[in-house]
Amino acid sequence: MTRHFLKDDDITPQEQAEIIERAIAMKADRFAERPFAGPQTVAVIFDKTSTRTRVSFAVGISDLGGVPLIIDTGVSQLGKKESVADTARVLDRQVAQIVWRTYAQAGLEEMAANSKVPVINALSDEWHPCQLLADLMTIRERFGKTQGLKIAYVGDGANNMASSYLVACAMAGMSVAVASPSGYDPSEKAVSRAREVAAFQGGQITVTSDPKEAVSGANVVVTDTWISMGMEVEAEGRKRDFAGFGVTSELMASAADDAIFLHCLPAYRGFEVEAEVIDGPQSAIWDEAENRLHAQKALMAWLAEQN
């Protein structure tokens with residue numbers, strides 16, 4: 001059966017750890033693995049605008065000996081004249097893997113159900129699993145481990161990043177605390193799954209409306225934009241709703257002394273994070289951004305072996 005990566009727990013905790021260790025090795029020896037030598041082609045499909053995802057996948061596929069085929073759906077038939085299922089049946093005869101940055105998780109699931117090659121979720125409205133591989137890699141680099149650490153997410157608990165932090169970090173043996181204002185709570189599905197995983201992996205899951213409670217003693221503090229793509233019309237209301245949920249120097253003082261700050265970017269200084277934090281000595285965002293490249297290369301190489 002074809003292995004896909006559509007959400008964080010499509011792999012096991014052991015497989016997650018293996019991919020992260022492989023990413024660290026690939027970072028040290030960037031061109032050591034060439035699973036797409038030939039060259040084979042990997043389709044990288046974008047429904048949404050992108051900087052880090054586009055660059056990291058294109059460069060990573062090239063590093064692995066392949067050719068990235070970038071497809072912007074605005075100039076393709078996908079979802080308009082041709083169904084997702086039919087697109088999958090066309091692509092899987094010509095490409096080695098399919099990467100898709102899209103809106104509905106259901107589209108990715110339909111693509112995977114009709115594809116004989118691995119499908120990778122490069123972001124959906126529900127999950128952002130590739131970002132979490134990069135984040136966990138960054139945490140592993142900084143602390144030498146993930147097991148037993150605490151991560152605090154402050155901001156929009158209802159978005160895809162919060163869901164992925166809950167599940168992926170629980171898989172990595174971390175305790176996860178999410179602080180969000182009323183009405184922006186994390187999905188019950190993500191919280192339930194995270195608690196189920198944490199019961200086996202040794203972490204704890206906390207959902208609160210108090211940022212200081214969430215950040216207290218945390219080794220890692222993370223946030224995300226309050227206004228994701230497609231939410232621009234809600235901007236002013238969201239800024240009011242999230243008042244008091246910005247990551248400030250004062251809030252970081254509640255974290256562990258050696259705590260690091262992460263943000264998947266793009267960031268809006270003065271809103272979800274204070275400039276002094278994201279540009280300060282505790283920030284690891286540039287390592288995190290680079291690690292998208294290495295983590296995704298490790299994932300693609302691992303999937304190539306599984307199929």
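This text follows the structure it describes.
Now for a look at the structure at hand. Because the structure is a prediction, the values reported are computed rather than measured.

**Remarks on the overall build of the chain**
And step 1. A count of helical and extended segments in the chain gives twelve helices and nine strands.
And step 2. Here the C-alpha atoms of the chain give a radius of gyration of 19 Å, agreeing with the 19 Å that 2.2 N^0.38 yields for 307 residues.
And step 3. Viewed in the frame of its principal axes, the chain has a C-alpha envelope of about 55 × 40 × 35 Å.
And step 4. Every one of the 307 residues in the chain was classed for burial, and the buried ones make up 56%.
And step 5. Of the contacts made within the chain by residues no fewer than 6 positions apart, 75% connect residues no fewer than 24 positions apart.
And step 6. When the accessible surface of the chain is split by element, carbon and sulfur atoms take 50% of a total near 12,700 Å².
And step 7. When the 29 basic and 42 acidic side-chain charges of the chain are each reduced to a single mean position, those positions are 4 Å apart.

**Details of the packing of helix α2 (residues 52-63) against helix α12 (residues 285-306)**
And step 1. Two numbers describe how α2 lies on α12: the axes approach to 9 Å, and their chain directions differ by 50°. With respect to each other, α2 and α12 are oriented oblique. In terms of crossing hand, the pair formed by α2 and α12 is right-handed. On α12, the residues touching R52, T53, S56, F57, V59, G60, I61 and D63 of α2 are A289, R292, L293, Q296, K297 and M300.
And step 2. Residues of the contact of α2 with α12, tallied by class, amount to six nonpolar, four polar and four charged.

**Brief notes about the packing of helix α1 (residues 13-28) against α12**
And step 1. Running from amino to carboxyl end, α1 crosses α12 at an angle of 120°, the nearest separation of the two axes being 8 Å. It follows that α1 is oblique to α12 by the angle criterion. Relative to α12, α1 is oriented so that their crossing is right-handed. Where α1 approaches α12, its residues E15, E18, I19, R22, A23, M26 and K27 are matched on the opposing element by E290, N291, H294, A295, K297, A298, L299, A301, W302 and E305.
And step 2. When grouped by side-chain class, the residues that make up the contact of α1 with α12 number eight nonpolar, two polar and seven charged.

**Some points on the sheet that holds strand β3 (residues 97-101)**
And step 1. Overall, parallel pairing links the four strands, which are arranged β2-β1-β3-β4 in an open sheet. Edge positions in the sheet fall to β2 (67-72) and β4 (119-123), since each of these pairs with one other strand and no more. Sheet twist, expressed as the average angle between the axes of neighbouring strands with direction ignored, equals 20°.
And step 2. Bridge count between strand β1 (residues 41-46) and β3: five bridges; the pairing is parallel. Among the inter-strand pairings, I45 is bridged to a residue of β3, identified as W100.

**Some details on the environment of S209**
And step 1. Here S209 is to be found in the loop between β7 (205-208) and α8 (211-215).
And step 2. Through-space distance from the C-alpha of S209 to that of E234 is 21 Å; in sequence the pair is 25 residues apart.
And step 3. Filtering out sequence-adjacent residues up to four positions away, S209 remains in contact with S180 and F245.

**A word on the pattern of salt bridges**
And step 1. By the definition in use, this model includes 19 salt bridges.
And step 2. R269 serves as the salt-bridge partner of D279, at 2.9 Å between the closest nitrogen and oxygen. With D279 in the loop between α11 (275-278) and α12 and R269 in the loop between β9 (260-263) and α11, this residue pair connects regions lying ten residues apart in the sequence.
And step 3. Each of K7, D9, D10, R193 and E196 takes part in a single network of salt bridges with overlapping partners.

**Let's talk about the nonpolar core**
Nonpolar side chains in soluble globular proteins tend to be buried together.
And step 1. In terms of nonpolar packing, the biggest core is built from 61 residues, with I139, I151, M174 and V220 touching the most fellow members.
And step 2. Among the elements that make up this core, the one with the highest residue count is helix α6 (residues 160-171) (nine residues).
And step 3. Those residues in contact with V220, other than ones at most four positions away along the chain, are I139, F143, K150, I151, A152, M174, I260 and L262.
And step 4. Among the nonpolar cores identified, the runner-up in size contains 24 residues, and W226, M252, V277 and I278 belong to it.

Scoring rules and cut-offs
Residues numbered from 1 in each chain as written. Predicted model: local features only at pLDDT ≥ 70, side-chain atom pairs only at ≥ 80, totals over all residues. Heavy atoms only, no water. Helix = DSSP H or I, 4+ residues; strand = E, 2+ residues; numbered from the N terminus. Rg over C-alpha atoms; globule rule 2.2 N^0.38 Å. Buried < 20%, exposed > 50% of the residue type's maximum accessible area, 1.4 Å probe, protein only. Contact = heavy atoms within 4.5 Å. Areas by Shrake-Rupley, 256 points an atom, 1.4 Å probe, with all protein chains shown as cover. Lys, Arg positive; Asp, Glu negative; His and termini not counted. Charge placed at Lys NZ, Arg CZ, Asp CG, Glu CD. Axes fitted to C-alpha atoms, helices over the stretch in contact; angles between N-to-C directions. Parallel < 35°, antiparallel > 145°, perpendicular 65-115°, else oblique. Left-handed = near helix turned anticlockwise from the far one by under 90°. Nonpolar A, V, L, I, M, F, W, Y, C, P; charged D, E, K, R; others polar. Pairing = 2+ DSSP bridges. Salt bridge = Lys/Arg side-chain N within 4 Å of Asp/Glu carboxyl O. Core = buried A, V, L, I, M, F, W, Y, C linked by side-chain atoms within 4.5 Å.

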